[in-house]
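Observations on the model geometry
This is what each chain is made of:
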Amino acid sequence: MSDSLSLSHPTGILNGSIKLPASKSEANRALIISALSGQESQLHNLSEANDTQLLQRLLKSDAETIDAEDAGTVMRFLTAYYAITGQQKTLTGTERMCQRPIKVLVEALRELGASIDYQGEEGYPPLKIGAFTGSGQKHLKVRSDISSQFISALLMIAPLLPEGLELELEGKIGSRPYIEMTLSLMQHFGVAANFEGNTISVAHQKYKSAEFTVESDWSAASYWYSLVALAKEADITLLGLKEYSFQGDRAIVDIMYRLGVYTEFTAEGVRLLKKEHERHLSLDFSDCPDLAQTIVALCTALGVHVDMTGLESLRIKETDRIQALQIEVLSMNSSLQEITPGVFHLEPGILHKDNLSFRTYQDHRMAMAFAPLALLGPVTIQEPSVVRKSYPRFWEDLEKVGFEIITN
Ligand SMILES: O=C(O)C1=C[C@@H](OP(=O)(O)O)[C@@H](O)[C@H](O)C1
Ligand SMILES: C=C(OP(=O)(O)O)C(=O)O
């Protein structure tokens with residue numbers, strides 16, 4: 001795709017039904033568990049997201065060097081998977097991936113008996129993974145305030161350890177619903193675990209083969225909520241979303257109720273309708289960090305003041321998302337400032353709606369979070385192909401509801 005894309009909507013009125021991509025988080029857990037089970041499982045509706053397509057390919061690859069590209073779950077889950085299965089692999093990724101920390105996971109795996117060496121900077125990919133000589137250690141203390149993906153990676157391999165695993169989580173538990181999603185998926189494939197206080201215990205057990213259908217992605221749904229909030233009129237149905245979901249980003253339903261979108265759950269998914277929005281919000285993103293960009297972009301456009309906490313992990317994702325957001329909202333005369341440690345305030349300014357242009361920082365969520373502003377006036381999105389990581393058909397889906405797209 002081209003280097004930028006111009007987006008506009010002639011009427012601002014949105015009607016239609018959208019089949020969202022499947023959740024890459026659910027799909028990637030199902031793929032790893034299925035590979036660890038050593039049996040065939042029928043997995044349906046695997047995500048078309050690059051992160052999932054990539055993991056499917058890599059699990060079949062017998063190459064010595066494995067490129068996890070920019071996919072955090074792929075890098076972290078495969079580190080644990082290759083370690084426990086004793087596969088000699090060099091695991092690398094994009095330049096950015098090699099700046100995203102992995103030390104907590106590597107140290108935990110080493111304590112369990114994995115042999116892992118850093119090929120570059122200590123604490124970061126690329127990694128060289130060697131033979132597994134079980135240490136027999138059962139109890140591990142692991143920091144849980146950097147990335148929940150380390151915990152999920154350890155949990156999925158836990159039933160294969162001869163003694164099982166007892167993980168004592170230290171510090172704040174960030175992205176907790178993703179840990180719970182991992183445990184739910186493990187349970188679906190026949191493995192029981194116990195999460196009490198800050199300790200998760202998994203006995204030595206065998207995964208069973210099972211059928212699993214991946215749900216639509218609630219994180220992807222968040223951009224459609226923004227579109228509805230900014231439309232003049234809207235009646236949008238999103239297919240395949242479940243009211244009771246494994247995904248923590250279902251929290252978008254309650255957040256968007258306050259930002260002007262009413263959700264009606266139907267047999268086929270959700271129907272989104274417009275309502276009044278509030279003027280000042282306080283939100284904690286500890287459980288749903290991937291929603292932060294959606295909310296910042298939308299509130300800047302709506303002129304809603306927001307106090308935000310729980311944003312710590314945003315600095316180590318596809319880009320430094322705090323910095324990227326600060327630059328982009330400043331280009332709209334708004335500001336996002338850390339007012340006291342850990343508390344950010346979004347102060348919306350007067351928005352000039354002509355020729356808005358947004359950079360995307362190799363981050364799919366920057367592109368999708370700011371695209372809905374095209375309902376206010378023409379918008380240019382730089383490097384639009386970034387959406388392939390989680391939602392490759394995003395631009396085509398916008399065309400289905402009347403957006404006009406010119407690729408430059
Ligand atoms: O386990 C997962 O599928 C994910 C966990 C979260 O990461 P952190 O645990 O690093 O916050 C989330 O941001 C990411 O998009 C997907
Ligand atoms: C942070 C994300 O993904 P990952 O950490 O898996 O690269 C994301 O999709 O927003």
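Residues numbered from 1 in each chain as written. Chains lettered and ligands numbered in written order. Predicted model: local features only at pLDDT ≥ 70, side-chain atom pairs only at ≥ 80, totals over all residues.

Under the local residue numbering, the UniProt record ascribes the feature "binding site: 3-phosphoshikimate" (unreviewed entry) to Lys-24, Ser-25, Arg-29, Ser-147, Ser-148, Gln-149, Ser-175, Asp-290 and Lys-317. Relative to the helices and strands, Lys-24 is located in helix H1 (residues 24–37). Residue Lys-24 is classed as buried on the basis of its 28 C-beta neighbours within 10 Å. In this view, Lys-24 contacts Ser-47, Ala-49, Asp-51, Thr-52, Asp-217 and Ser-390; residues no more than four positions away in its chain are not counted. Position of Gln-149 among the secondary structure elements: in helix H5 (residues 148–157). Those residues in contact with Gln-149 that lie beyond four places of it in its chain are Gly-72, Thr-73 and Arg-76. (UniProt positions renumbered as here; feature names shortened; annotations may be inferred. Helix = DSSP H or I, 4+ residues; strand = E, 2+ residues; numbered from the N terminus. Buried ≥ 20, exposed ≤ 12 C-beta atoms within 10 Å, placed from the backbone. Contact = placed C-beta atoms within 7 Å.)

The next point concerns the site of ligand 1. Close to ligand 1 lie 13 residues; Ser-25, Ser-147, Ser-148, Ser-175 and Tyr-178 are nearest. Going through the elements one at a time, helix H3 (72–84) and H5 are the ones with two or more residues in the shell around ligand 1. For the shell around ligand 1, the element with the highest residue contribution is H5, accounting for three residues. Here the shell around ligand 1 is built from residues that sort into two nonpolar, ten polar and one charged. Residues lining the shell around ligand 1 come from more than one domain, with at least three contributed by each of domain 1 (4–21 + 216–407) and domain 2 (24–213). (Near = placed C-beta within 6 Å. Nonpolar A, V, L, I, M, F, W, Y, C, P; charged D, E, K, R; others polar. Domains from an automatic or database assignment.)

What follows is about the sheet that holds strand S11 (residues 199–202). Pairing between sheet strands relies on hydrogen bonds along the backbone, with the strands arranged either parallel or antiparallel. Pairing is mixed across the open sheet formed by four strands, whose spatial order is S8-S9-S11-S10. Among the strands making up the open sheet, the edge pair consists of strand S8 (139–143) and strand S10 (194–196). Averaged over all pairs of adjacent strands, the angle between strand axes in this sheet comes to 20 degrees, irrespective of strand direction. As paired strands, S8 and strand S9 (residues 165–170) are joined by five bridges and run parallel to one another. Residue pairing across strands places Val-142 opposite Leu-169, the latter belonging to S9. (Pairing = 2+ DSSP bridges. Axes fitted to C-alpha atoms, helices over the stretch in contact; angles between N-to-C directions.)

Moving on, we get to the packing of H1 against helix H2 (residues 50–60). The interhelical angle for the contact between H1 and H2, taken along N-to-C directions, is 10 degrees, at an axis separation of 9 Å. Here H2 runs roughly parallel to H1, going by the angle between their axes. On the side of H1, the interface is formed by Lys-24, Ala-27, Asn-28, Leu-31 and Ala-35, while H2 contributes Asp-51, Thr-52, Leu-55, Gln-56 and Leu-59. Its residues assigned to classes, the contact of H1 with H2 comprises five nonpolar, three polar and two charged. (Parallel < 35°, antiparallel > 145°, perpendicular 65-115°, else oblique.)

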